[in-house]
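Structural overview for review
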Amino acid sequence: RLRGLSGRFTASLSESNLINNRVVGTLYNTLALGLRSPGPQGRGTIEVYPAGAALNITNFYYFNEGIEIRGSGVIEDIEKGLDSPISGIAFGTTRPLGRINLPGIRELDNLMGALQLGSAVVRIEGTLGDVQVNVVPLPEVTDAIRNLLWSQRASDR
């Protein structure tokens, strides 16, 4: 029984390739940068807070091959296994200069990111065993994205 769990779990990813993950793959395909299949160069972090049988994913960050993804969600009842309902949102932006380590490039990449030259949002629903990922229009989820980015910015400090 997991109902008594509490705390915080943080994991880091490195040398990863999550293109076969439904959420990450959908964002890569939607942003369609024309990149080859990303190699295992991705990096990221995930923060999970258990609350009884629920697992709250409060901060998901992933970067690989010019695409940055941020997201949050909840696995509502992990005790149900693959039948556990899930919900969440993920926001992907193109950051084509994010891997280049030259003077001035970081500032240019940050400026391009601020302008959001390429972005996509997906809504995550279904169950752990049957994840449904749907691209949604940006205006439909502006408040949710603002809250997501604000909460993740606060946890980065």
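Residues numbered from 1 in each chain as written. Predicted model: local features only at pLDDT ≥ 70, side-chain atom pairs only at ≥ 80, totals over all residues. Heavy atoms only, no water.

1. A word on the sheet that holds strand S7 (residues 130–136)
Note the cut-off: We call two strands paired when DSSP finds no fewer than two bridges between them. Only DSSP runs of H or I reaching four residues or more are called helices, and only runs of E reaching two or more are called strands; each is numbered from the N terminus. All axes here are fitted lines through C-alpha atoms, helices being fitted over the stretch that makes contact, and every angle between N-to-C directions spans 0 to 180 degrees. A contact between two residues is defined here by any heavy atoms of the two lying within 4.5 Å.
Strand order in the open sheet formed by 7 strands is S1-S2-S3-S4-S5-S6-S7, and the pairing between neighbours is antiparallel. Each end of this open sheet is capped by a strand with a single partner; those strands are strand S1 (9–16) and S7. Each adjacent strand pair in this sheet contributes to an overall mean axis angle of 15 degrees, direction not counted. In the sheet, strand S6 (residues 119–127) pairs with S7 via 7 bridges, with the strands oriented antiparallel. Among the inter-strand pairings, valine 121 is bridged to a residue of S7, identified as valine 136. Most of the contacts of helix H1 (residues 22–31) go to S6, to which it runs at about 150 degrees, and overall it touches strand S3 (54–64), strand S4 (67–75), strand S5 (86–94), S6 and S7.

2. What to know about the environment of threonine 30
Among the structural elements, threonine 30 can be located in helix H1. As a C-alpha pair, threonine 30 and alanine 120 span 90 residues in sequence and 6.8 Å in three-dimensional space. Once residues within four sequence positions are removed from consideration, threonine 30 is found in contact with Ala120 and Val135.

3. Let's talk about the nonpolar core
This is how the line gets drawn: Joining through side-chain atoms within 4.5 Å is the link that ties buried Ala, Val, Leu, Ile, Met, Phe, Trp, Tyr and Cys residues into a set, and such a set is a nonpolar core. Burial here depends on accessible area, computed with a 1.4 Å probe over protein chains only, as a share of the maximum for the residue type. Under 20% is buried, over 50% is exposed, and the range in between is partly exposed.
Val23, Leu27, Tyr28, Ile69 and Ala90 are the most contacted members of the largest nonpolar core, which has 18 residues in total. Counting residues per element, this core draws most heavily on H1, which supplies 5 residues. Setting aside residues up to four positions removed in sequence, valine 23 forms contacts with Ala90, Val122, Ile124 and Val133.

4. Digging into the environment of glycine 92
With respect to the helices and strands, glycine 92 occurs in strand S5. You can call glycine 92 buried: its relative accessible area is 0%.

5. Quick notes on unusual backbone geometry
Residue glutamate 15 is not a glycine yet carries a positive backbone phi of 45 degrees. Locating glutamate 15 in the fold gives a position in strand S1. Of the residues examined, glutamate 15 reaches a relative accessible area of 68% and is grouped as exposed.

6. A word on the layout of surface pockets
For the record, the criterion: Definitions used throughout: a 1 Å grid over protein atoms alone; a cavity as a set of points that fits a 1.4 Å probe which cannot get out; a pocket as an open set with protein on both sides within 12 Å along at least five of seven lines; a lining residue as one with an atom within 4 Å of a point. Grid points are joined across faces, edges and corners, and a volume is the space filled by probe spheres set on the points. Any residue that is not Ala, Val, Leu, Ile, Met, Phe, Trp, Tyr, Cys, Pro, Asp, Glu, Lys or Arg is counted as polar, Gly included; the first ten are nonpolar and the last four charged.
Taken as a whole, the largest pocket spans an internal volume of roughly 490 Å³. Along the wall of the largest pocket there are 22 residues; nearest its centre are Asn21, Val23, Ile57, Phe60 and Ile124. Only H1, S3, S4 and S5 provide two or more residues apiece to the lining of the largest pocket. Taken together, the residues of the lining of the largest pocket break down into 15 nonpolar, 6 polar and 1 charged.

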